[in-house]
Amino acid sequence: MSSDDAVKPVPYARRRPTGEGSSSSGSSHRKRAKFLHHFNDVGEDGFDSSCEVEGEGECDESDVAKVEDQGVKMDLTEDLLHMVFSFLDPLNLCKAARVCTQWRTASAHEDFWRTLNFKDRYISLEEFEDMCRRYPRATAVSISGATISSLVMKAISSLRNLEVLTLGKGHIPDGFFHALEDCSMLKRLSINDATLGSGIQEISITHYRMCHLQITKCRVMRIAVRCPQLETMSLKRSNVAQAVLNCPLLHELDIGSCHKLPDSAIRSAATSCPQLVSLDVSNCSCVSDETLREVSFSCANLSFLDASYCPNVSLESVRLPMLTVLKLHSCEGITSTSMAAIAHSSLLEVLELDNCSLLTSVSLDLPLLRNIRLVHCRKLADLDLRTIMLSSMVMSNCPALRRINITSNSLQKLAIPKQDSLTTLALQCQSLQEVDLSECESLTNSVCDFFSNGGGCPMLKLLTLDNCENLTSIRFISTSLVSLSLGGCRAITNLELSCPKLEKVILDGCNHLERASFCPVGLLSLNLGICPKLNILSIEAPFMVSLELKGCGVLSEAFINCPLLTSLDASFCSQLTDECLSATTASCPLIESLILMSCLLIGSKVLHSLCSLPNLTVLDLSYTFLVDLQPVFEFCSQLEVLKLQACKSLSDTSLEPLYKGGALPALQELDLSHGTLCQSAIDELLVCCTNLRRVSLNGCENVHDLKWGCSHGQVDVSPALKIPYGVSSHENVLESSQESTCLLQNLNCVGCTNIIKVEIPSRAHCLNLLFLNLSLSRNLKEVNITCLNLCFLNLSNCSSLEILRLDCPRLTSLFLQSCSIDGEAVEAAISKCNMLETLDVRFCQKISSTSVARFRTSCSSLKRIFSNLSN
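Residues numbered from 1 in each chain as written. Predicted model: local features only at pLDDT ≥ 70, side-chain atom pairs only at ≥ 80, totals over all residues. Heavy atoms only, no water.

Here the focus is the nonpolar core. Residues Leu437, Phe451 and Phe518 are the most contacted members of the largest nonpolar core, which totals 268 residues. When residues in this core are grouped by element, the largest group, 6 residues, is from helix α18 (residues 679-688). Those residues within four positions of phenylalanine 451 in sequence are excluded, and the remaining contacts are Leu425, Leu427, Val435, Leu437, Cys457, Leu460, Leu463, Phe476 and Ser478. (Core = buried A, V, L, I, M, F, W, Y, C linked by side-chain atoms within 4.5 Å. Buried < 20%, exposed > 50% of the residue type's maximum accessible area, 1.4 Å probe, protein only. Helix = DSSP H or I, 4+ residues; strand = E, 2+ residues; numbered from the N terminus. Contact = heavy atoms within 4.5 Å.)

Here it is as structure tokens:
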């Protein structure tokens, strides 16, 4: 065979017509393929159903012969094929069988069909017999459905090597259990959701090699099991009323939810198994302490007990010294006296006491206890655990809990939120790293002692005390604490943190905090603006870069030592003095942004201290009473943003160094809103400070008509030029305006009531102007703008506006809300705005719905027109 033939794709063979090339062997294969056709997919661990692949028809030897006639042959050694096929699941084995006769023979090897899975699949008795003949050495079979009674009898009589048998959803006759002993190799029998025998007679299971027996959700009244090698047995959720066991090696017994089993039957079954290690009697309401006591005597090695939902169990007289896992969910008989019995289980590792409604206190000294659950224990008031190995504790909804005392070297996380009555907490947990005590409203200030150095939690990193409303004074000295959350602790008035590794602190809702000390801390940023009553502040943070004190209106003393601080916002700190702020600038030389809005007590001393801030780029002195800004012009050469809103004490000459002396060459944004500078000073600023990109003149009453690049005696407010110091003639201004271009991008003149006319012609060279806001200028009547790059124009609430001329090819948004302009003027104005997308003409009384329709015709680029008129 050539190498090309070896890799040639194998075409799927079509089925020949009936009778063509048939033989006895071919008939047998077609019969198997027909049987396989009844199934749809492959089981997880057994023989699958279908030999057909992708709807190509049934697989028989004639198909394989036809493929070989076409020259396709995969000639591999049998050992190699066997090894390769051992990695294939049943579906892929059936696909491989279509390639050639050699592969078909190899894929049918009984080594690959040791498990036959017919669970939830229909198969007739004839087909099942055929499978048993083909694979007599099968070791595992799974059957369920209506035909189970006949199939299972055939299985145990034909498959002598059967080791695992899984049955369900049907009726299993008495004869099966009588013949079961003949299936000598059987090790595991699982029966689920089936009726055993007649359902009212005793079923006897006898087998000398069986190790695992599982009978769940089955209908049978009495059962007798005699299996000397049996190790595990489950009767879970079966309605059995009597169980007799003769299984001396049984070590795991599950009779949970067997509601019809009486206490005496449970006792008899369990005590007859002296090697028992695990016992599950959950939801067996008849189980009593007497039964458990007898079990403890007979089963000395019992290590697992689940007696959940057993109301008669109290364990008061039960001793289980070898127990490692104990589950007692919703046991009404478990009380504080039960803890003495549990304490005798010195090897206990897992204890679950959820919903034990009468339990009032838990006091345990169990050195190996690792996990404990105490959920919805409504009367539990006292918890005392001395468990060195404790690593997991789940506790919640214990409303009466008042005291917790835990000693553990392994516990790393403790979450006990919403314990409203908890007042005392004592922890000796050397490995504890996370604690959540949120909404423990009765906790007192003493809780701080347990989380500070020497308090028993030396490794604590995360502490959450949110909404602990009884806390008034917090003081932590910790070398390990990384995160502290005090959100919603509204009663706290004093906070002292000496935590050098602290990186995060949450103080949201601490509205009554008056004194705060962070010395030292590892915080990178801190926001105290949410503490309006803060009066005294001390911060020593070597890594802090951002501090926000905005709104601390009564803050009068502040010591801030943050050598890496770059941003300080002290807006509305009206009680901060020159001395405090000067000391801050001296100790924080890297500040780049300094916000001192409404700091009413600052004066020249603070401004002179700016000499220690060489990197200052943002300075906000709005709403202050400063008169002389000379130190700012002298020391802040890198300043980019200067805000002087409502600085009404500044004179008309206060800003002369800007436009006459060339001060602040890097300045890009200037805010003079609500100021009292005269028109000439504002004009000079706009003319000479050509590096400005954003100017705000909102509410400036001295701002009059804006007529840029005009002549004939008009004031030239052209921002397109820069006049050297000493040049003042209007002619020189006009000459220079032809040579330079303004960088101004954003101009805000909101609420400038004295502006009547705005004129920006092309010769003004405002090539960079993008945003112009003139809204609320109620006396503005005429706007005439020719600006190449303007994209946003707001004229809303300019109630006197009558004339609008625009030549702005890149304008995209125009707002004319509540203007008195008519539709024809708007239509003419937007006709040259070829990129306009948004037009707002709401509440324009002179614009009709017809005008709105014409707007789209005049400006085809319009996408959105806001109007209160219906179409």
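A word on the pairing of strand β41 (residues 757-760). By the bridge criterion, 2 bridges tie strand β39 (residues 706-707) to β41 in an arrangement that is parallel. The residue bridging lysine 707 from the neighbouring strand is glutamate 759, located in β41. With 4 bridges joining them, β41 and strand β43 (residues 782-786) adopt parallel strand pairing. Bridged to isoleucine 760 within β43 is isoleucine 785. (Pairing = 2+ DSSP bridges.)

Strands belonging to one sheet form pairs held by backbone hydrogen bonds; the direction of such a pair is parallel or antiparallel. One open sheet accounts for 4 strands, arranged β15-β17-β19-β21; its pairing is parallel. Only two strands of the sheet have a single partner each, and these edge strands are β15 (361-364) and β21 (424-429). Across the sheet, the mean angle separating the axes of adjacent strands is 10 degrees when strand polarity is ignored. Where strand β19 (residues 403-408) lies against β21, 6 bridges are found, and the strand directions are parallel. Residue serine 408 lies in a different strand from β21, and its bridge partner there is cysteine 429. (Axes fitted to C-alpha atoms, helices over the stretch in contact; angles between N-to-C directions.)

With that settled, the discussion passes to a nonpolar patch on the surface. A cluster of nonpolar side chains, contributed by Leu524, Phe543, Val545, Leu564 and Leu590, occupies part of the molecular surface with about 410 Å² of accessible area. Positionally, leucine 590 belongs in the loop between α14 (578-587) and β34 (593-595). For leucine 590, a relative accessible area of 32% puts it in the partly exposed group. (Patch = residues over 30% accessible without salt bridge, like charges linked within 9 Å, V, L, I, M, F, W, Y side chains within 5 Å. Areas by Shrake-Rupley, 256 points an atom, 1.4 Å probe, with all protein chains shown as cover. Salt bridge = Lys/Arg side-chain N within 4 Å of Asp/Glu carboxyl O.)

Between helix α7 (residues 125-134) and helix α8 (residues 148-158), the least distance of the axes is 10 Å, while the angle of their chain directions is 15 degrees. If you check the angle between α7 and α8, you find them roughly parallel. By crossing handedness, the relation of α7 to α8 is classed as right-handed. Here Leu125, Phe128, Glu129 and Cys132 of α7 lie close against α8, whose contacting residues are Ser150, Leu151, Lys154, Ala155 and Ser158. Grouping the constituent residues of the contact of α7 with α8 by class yields 5 nonpolar, 2 polar and 2 charged. (Parallel < 35°, antiparallel > 145°, perpendicular 65-115°, else oblique. Left-handed = near helix turned anticlockwise from the far one by under 90°. Nonpolar A, V, L, I, M, F, W, Y, C, P; charged D, E, K, R; others polar.)

With that settled, the discussion passes to the environment of glutamate 496. By the secondary structure assignment, glutamate 496 is in strand β26 (residues 494-499). The partly exposed category is assigned to glutamate 496, whose relative accessible area is 32%. Spatially, the C-alpha atoms of glutamate 496 and cysteine 519 are 7.9 Å apart, while their sequence positions differ by 23 residues. Apart from the residues lying within four places of it in its own chain, the contact partners of glutamate 496 are Ile474, Arg475, Phe476 and Ser517. In this structure the side chain of glutamate 496 is engaged in a polar contact, spanning 3.3 Å, whose partner is the side chain of asparagine 494. (Polar contact = N/O pair within 3.5 Å; in protein donor to acceptor, adjacent residues only side chain to side chain.)

Attention now goes to the packing of aromatic side chains. Following the criterion strictly, the structure yields 5 aromatic pairs and no others. Residues phenylalanine 85 and tryptophan 103 carry aromatic rings whose centres are separated by 5.6 Å and whose planes lie at 80 degrees to one another, so their mutual orientation is edge-to-face. Of this pair, phenylalanine 85 sits in helix α4 (residues 78-85) while tryptophan 103 is found in helix α6 (residues 101-107), placing the two residues 18 residues apart along the sequence. Residue phenylalanine 85 shares its accessibility class with tryptophan 103, and that shared class is buried. (Phe/Tyr/Trp six-rings, centres within 6.5 Å; stacked < 30°, edge-to-face > 60°.)

We now examine the side chain of aspartate 306. Relative to the helices and strands, aspartate 306 is located in strand β12 (residues 304-306). Buried charge without a salt bridge: aspartate 306, with lysine 327 as the nearest opposite-charge side chain at an N-O distance of 5.0 Å. With residues up to four places along the chain from it excluded, the contact list for aspartate 306 reads Leu279, Asp280, Val281, Ser282 and Lys327. (Lys, Arg positive; Asp, Glu negative; His and termini not counted.)

In this section: the sheet that holds strand β30 (residues 536-540). The strand order across the open sheet built from 5 strands is β24-β26-β28-β30-β32, with neighbouring strands paired in parallel fashion. Unpaired on one side and paired on the other, β24 (473-477) and β32 (557-561) mark the two borders of the sheet. Here the average twist between neighbouring strands, direction ignored, is 5 degrees. Pairing analysis gives 5 bridges linking β26 to strand β28 (residues 515-521), with the strands arranged parallel. The residue of β28 that forms the bridge with glutamate 496 is serine 517.

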